[in-house]
Amino acid sequence: MLTSTRLPAAMFSYDFMQNAFAAATIVAIVAGLVGYFLVLRGQTFAGHALSHVGFTGATAAVLLGITPLSGMVAATVAAGIGMGFLGERLAQRDVAIGMVLALALGLGLLFLHFYTSYATQATALLFGNVLAVDIPTVWILLGLGVISIGALALISRPLLFVSLQPELAEAKGASLRLYGVLFLAIVALATAECAQIVGVLLVFTLMVGPAATAQKLTTSIWLGLLLAVAFALAESWLGITLSYYTDWPCSFWISALSAAVYLGAMMPQKIKASR
Amino acid sequence: MNAVEFDHVTLRLSARTVLSDISLTFDAQEFVGVLGPNGAGKTTLMRAILGLVAPASGEIRVLGQPPARSNALVGYMPQQRSALHNLRLSGYAFVAGVVRGQRLGLPLLNKADRREVDWALDMVGARDLARRPLAETSGGERQRLLLAQSLIGRPRLLLLDEPLISLDPRHQQAVVALAKSLQSELKITVLFSAHDVNPLLPALDRVLYLGGGQAALGKVDEVITSPVLSRLYGAAIEVIELHGRIFVMAGDQEVGRDAHQHEASRSDV
């Protein structure tokens with residue numbers, strides 16, 4: 001028999017669970033939408049690298065005595081804009097990005113080393129701690145989310161054009177650089193948001209997993225965006241719920257669900273192809 | 001009105017002079033093949049017409065106006081990129097992404113936009129294949145979708161950059177025939193660049209041959225001759241006609257053909 005704390009209603013009687021679901025909902029919507037364009041543009045690795053730069057920013061912020069989230073936002077947005085200005089060719093150069101990513105993690109480790117009393121901070125930043133999100137943080141996440149979705153909506157048509165047909169878009173007067181920079185700034189905000197839920201190392205789980213799955217399942221842009229959001233929402237809600245019942249880390253469940261859903265979407269195609 | 005005029009135009013890419021002091025005119029409703037070895041300036045010429053490369057000297061006029069970006073009267077089909085091969089978006093979404101694509105806002109299509117996309121797809125007979133994901137189309141089908149995309153905005157001048165790359169001979173013929181029928185049906189000017197003149201022979205009004213910074217424009221039998229090509233290549237070139245095909249030979253090597261065959265062997269038919 002289930003004890004009363006095992007019922008779903010009891011789950012929502014805790015403030016920290018309410019905050020966790022609110023934060024996860026905001027972040028999943030942002031991650032699904034931004035991730036869709038990230039996958040479409042083939043810049044997923046760049047997104048991954050941005051989250052590592054966010055780690056450096058967050059640890060530096062901790063060292064300076066300001067909130068990790070503000071340091072993370074500042075670092076990712078600066079890095080996103082910088083990457084955008086260096087151009088598409090660099091944003092897709094795996095070795096260069098990998099080096100930046102590794103250096104960012106190394107610097108983050110150094111900053112943590114100087115701030116020795118913050119031992120648990122490292123795990124929280126790297127793997128997320130959605131159950132520790134407080135109400136002010138939920139409001140900040142909502143504000144950042146509105147900004148990134150608003151900006152994405154504003155540039156979505158030309159962004160799609162420069163992503164699908166860059167040379168033609170350029171000829172029709174759309175600036176590849178401008179939209180490349182703006183988009184990576186939006187990705188940076190979304191990355192900082194995701195890191196609050198699943199940590200910098202698992203940003204892929206929310207940004208790339210759902211969007212990549214959606215693009216495997218539909219050939220329509222709008223349906224793809226909708227599916228990406230739906231998967232991100234379902235995976236994070238279910239992940240938090242499973243974490244509540246099992247006491248295993250949330251980020252583990254979300255990453256496991258994200259991978260499982262992606263594999264599930266791949267299977268029918270692989271089977272069809274092997275016939 | 002002439003489609004394009006070049007008046008003593010020099011085109012440079014950073015320090016390299018691609019075309020030097022070129023003067024030529026493309027007439028209205030003309031099908032022109034743009035030929036020449038890799039790096040001879042075929043793409044640069046098109047980008048100059050699009051207003052993406054400013055001439056270092058001289059003057060270009062496109063449909064009577066100076067070249068300008070976002071000129072709806074000039075259609076452009078860039079060289080195909082391999083990134084498209086994995087795109088799971090439908091051909092329709094791919095073509096529709098171009099409609100008013102440079103404007104800010106959401107990528108929503110109104111009724112007029114949808115009519116425009118349908119018209120462009122009908123012009124190339126791609127209404128049905130546009131429902132499939134781009135990743136599941138053949139090289140020839142993709143070129144038809146790209147052609148439809150270049151027709152959005154109803155251009156008077158169409159610039160097609162290497163549409164035959166990575167196609168087998170049968171699909172090459174189909175793409176040339178389609179481009180020719182678009183040119184005569186819509187009464188527009190088409191510039192069609194290629195490595196090899198042979199697939200274009202049924203469609204050509206004139207040919208523009210680029211090489212060594214120089215250009216030669218005229219009928220096929222005026223331009224593709226040993227003296228003209230030897231001057232452009234700066235080497236002894238022999239032109240041989242056999243069974244209605246033209247072979248451009250440098251020594252015992254056939255010029256340009258190997259580039260095509262190399263690409264064709266990778267084609268996914």
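Note that the structure is a prediction, hence the values are computed from the model and not measured.

The next thing to look at is the overall build of chain A. Per the secondary structure count, chain A includes 14 helices and zero strands. When the helices and strands of chain A are read in sequence order from the N terminus, they spell out α-α-α-α-α-α-α-α-α-α-α-α-α-α. A compact globule built from 275 residues would reach a C-alpha radius of gyration of about 19 Å, and chain A, at 19 Å, matches this within 12%. Summarising its shape, the C-alpha atoms of chain A cover approximately 65 × 50 × 35 Å along the three principal directions. Taken over 275 residues, chain A has a buried fraction of 51%. Within chain A, contacts between residues at least 6 apart in sequence are counted, and of these 76% link residues at least 24 apart.

What follows is about helix α13 (residues 221-246) of chain A. When the terminal C-alpha atoms of α13 of chain A are compared, their 37 Å separation across 26 residues agrees well with the 38 Å that a helix rising 1.5 Å per residue should span. Just downstream of α13 of chain A lies Asp247 of chain A, where phi reads positive at about 70°.

Looking now at the nonpolar core. One finds Val27, Val34, Leu206 and Met207 of chain A together with Val95 and Tyr209 of chain B to be the most contacted residues of the largest nonpolar core, which totals 172 residues. No fewer than three residues from each of domain 1 (4-73 + 155-264) and domain 2 (86-151) of chain B sit in this core. Contacts of Leu206 of chain A, omitting those with residues within four sequence positions, involve Val27, Ala28, Ala31, Cys194, Ile197, Val198, Ala232, Ser236 and Ile254 of chain A.

What follows deals with the domain arrangement of chain B. Residues and elements named next belong to chain B. As far as domains go, chain B holds domain 1 (4-73 + 155-264) and domain 2 (86-151). Contact residues are listed per partner, giving twelve residues for domain 1 and ten residues for domain 2. If you tally residues by element for the side of domain 1 that touches domain 2, the top one is helix α5 (residues 169-186), at six residues.

Residue and element names in this part refer to chain A. Where helix α2 (residues 15-40) meets α13, the closest approach of the two axes is 8 Å, and the angle between their N-to-C directions is 150°. It follows from the interaxial angle that α2 and α13 lie roughly antiparallel. Note that α2 runs across α13; the crossing there is right-handed. In this structure, α2 contributes Met17, Ala20, Phe21, Ala24, Thr25, Ala28, Ile29, Ala31, Gly32, Leu33, Gly35 and Tyr36 to the contact, and α13 contributes Gly224, Leu225, Ala228, Val229, Phe231, Ala232, Leu233, Ser236, Trp237, Ile240 and Tyr244. Among the residues making up the contact of α2 with α13, the classes are represented as 18 nonpolar, five polar and no charged.

Looking now at the sheet that holds strand β12 (residues 253-254) of chain B. Strand order in this open sheet of three strands is β10-β11-β12 (chain B), and the pairing throughout is antiparallel. Two strands in the sheet have a free side with no partner beyond their single neighbour: β10 (238-242) and β12 of chain B.

The rules behind each value
- Residues numbered from 1 in each chain as written.
- Chains lettered and ligands numbered in written order.
- Predicted model: local features only at pLDDT ≥ 70, side-chain atom pairs only at ≥ 80, totals over all residues.
- Helix = DSSP H or I, 4+ residues; strand = E, 2+ residues; numbered from the N terminus.
- Rg over C-alpha atoms; globule rule 2.2 N^0.38 Å.
- Buried ≥ 20, exposed ≤ 12 C-beta atoms within 10 Å, placed from the backbone.
- Contact = placed C-beta atoms within 7 Å.
- Expected span 1.5 Å × (residues − 1).
- Core = buried A, V, L, I, M, F, W, Y, C linked by C-beta atoms within 7 Å.
- Domains from an automatic or database assignment.
- Axes fitted to C-alpha atoms, helices over the stretch in contact; angles between N-to-C directions.
- Parallel < 35°, antiparallel > 145°, perpendicular 65-115°, else oblique.
- Left-handed = near helix turned anticlockwise from the far one by under 90°.
- Nonpolar A, V, L, I, M, F, W, Y, C, P; charged D, E, K, R; others polar.
- Pairing = 2+ DSSP bridges.

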